[in-house]
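One-letter residues, chain by chain:
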Amino acid sequence: MLRGLSTVRFHVEDLDAAKQWYTELLGVEPYFERPGYAEFRIGDYRHELGLMDSKHLRDLGDHGTGGAGGPVVYWAVDDVRATVARLLSLGAREHESIREFGEGFVAGCVTDPFGNVLGVMENQHYLEVLASRG
């Protein structure tokens with residue numbers, strides 16, 4: 001069901017400062033940006049590190065602030081809706097509703113029965129990297 005790590009999302013109070021710091025650390029500019037969010041491609045497998053402005057979490061309502069905190073790790077899956085449905089049937093609770101982040105990126109988050117946030121994502125870049133490795 002979980003194919004591999006797709007994206008790790010950190011929440012930051014100052015997105016501009018965080019982008020600058022991670023650009024310096026990683027030696028690359030974000031490859032994808034939109035208001036309140038920036039994403040880097042890093043490492044041998046081109047994993048994604050996303051920085052989300054913490055103010056955006058408040059826009060998500062209760063789903064974005066339901067008590068669980070810290071980074072969100074997204075796992076690549078073939079079908080987000082089916083995976084979220086299965087997770088909910090196993091006792092997880094919705095944390096963030098399923099939504100599109102951009103063309104080829106659909107994600108949702110649940111809170112597992114132990115309070116951990118689990119993100120699942122259909123991610124076109126994950127599949128492209130996988131295909132290129134044969």
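Above this text is the structure in question.
Everything quoted here is computed from the prediction, not taken from an experiment.

Procedures and definitions
- Residues numbered from 1 in each chain as written.
- Predicted model: local features only at pLDDT ≥ 70, side-chain atom pairs only at ≥ 80, totals over all residues.
- Heavy atoms only, no water.
- Helix = DSSP H or I, 4+ residues; strand = E, 2+ residues; numbered from the N terminus.
- Buried < 20%, exposed > 50% of the residue type's maximum accessible area, 1.4 Å probe, protein only.
- Contact = heavy atoms within 4.5 Å.
- Phe/Tyr/Trp six-rings, centres within 6.5 Å; stacked < 30°, edge-to-face > 60°.
- Arc of directions from axis to C-beta.

Draft legend 1. Expanded view of the environment of Tyr 126. You can see Tyr 126 is positioned in helix α4 (residues 124–132). A relative accessible area of 18% places Tyr 126 in the buried class. Between the C-alpha atoms of Tyr 126 and Tyr 45, which are 81 residues apart in sequence, the distance is 8.6 Å. Excluding its chain neighbours within four sequence positions, the residues that come into contact with Tyr 126 are Arg 3, Gly 4, Leu 5, Ser 6 and Ala 76.

Draft legend 2. Representation of the environment of Lys 55 within the structure. Within the secondary structure, Lys 55 is located in helix α2 (residues 54–59). In this structure Lys 55 comes out as partly exposed when scored by relative accessible area, which is 47%. For the pair Lys 55 and Lys 19, spaced 36 residues apart in sequence, the C-alpha to C-alpha distance is 15 Å.

Draft legend 3. Broad picture of the packing of aromatic side chains. If you walk through the whole model with that rule in mind, you get six aromatic pairs. Their ring planes at 80 degrees and their centres at 4.8 Å tell us that Trp 21 and Tyr 22 sit as a pair that is edge-to-face. Tyr 22 sits in the buried class, given a relative accessible area of 16%. With a centroid separation of 6.4 Å and an interplanar angle of 45 degrees, the aromatic rings of Tyr 31 and Phe 32 are classed as tilted. Through a chain of ring-to-ring contacts, the aromatic side chains of Phe 10, Trp 21, Tyr 22 and Phe 40 assemble into a single cluster.

Draft legend 4. Structural context of α4. For α4, the set of buried residues is His 125, Tyr 126 and Val 129. The buried residues of α4 occupy an angular sector of 105 degrees when the element is viewed end-on, so they sit on one face. Where the residues of α4 are buried, they touch β1 (4–12), β3 (37–42), β4 (47–53), β5 (72–76), β7 (105–111) and β8 (117–123).

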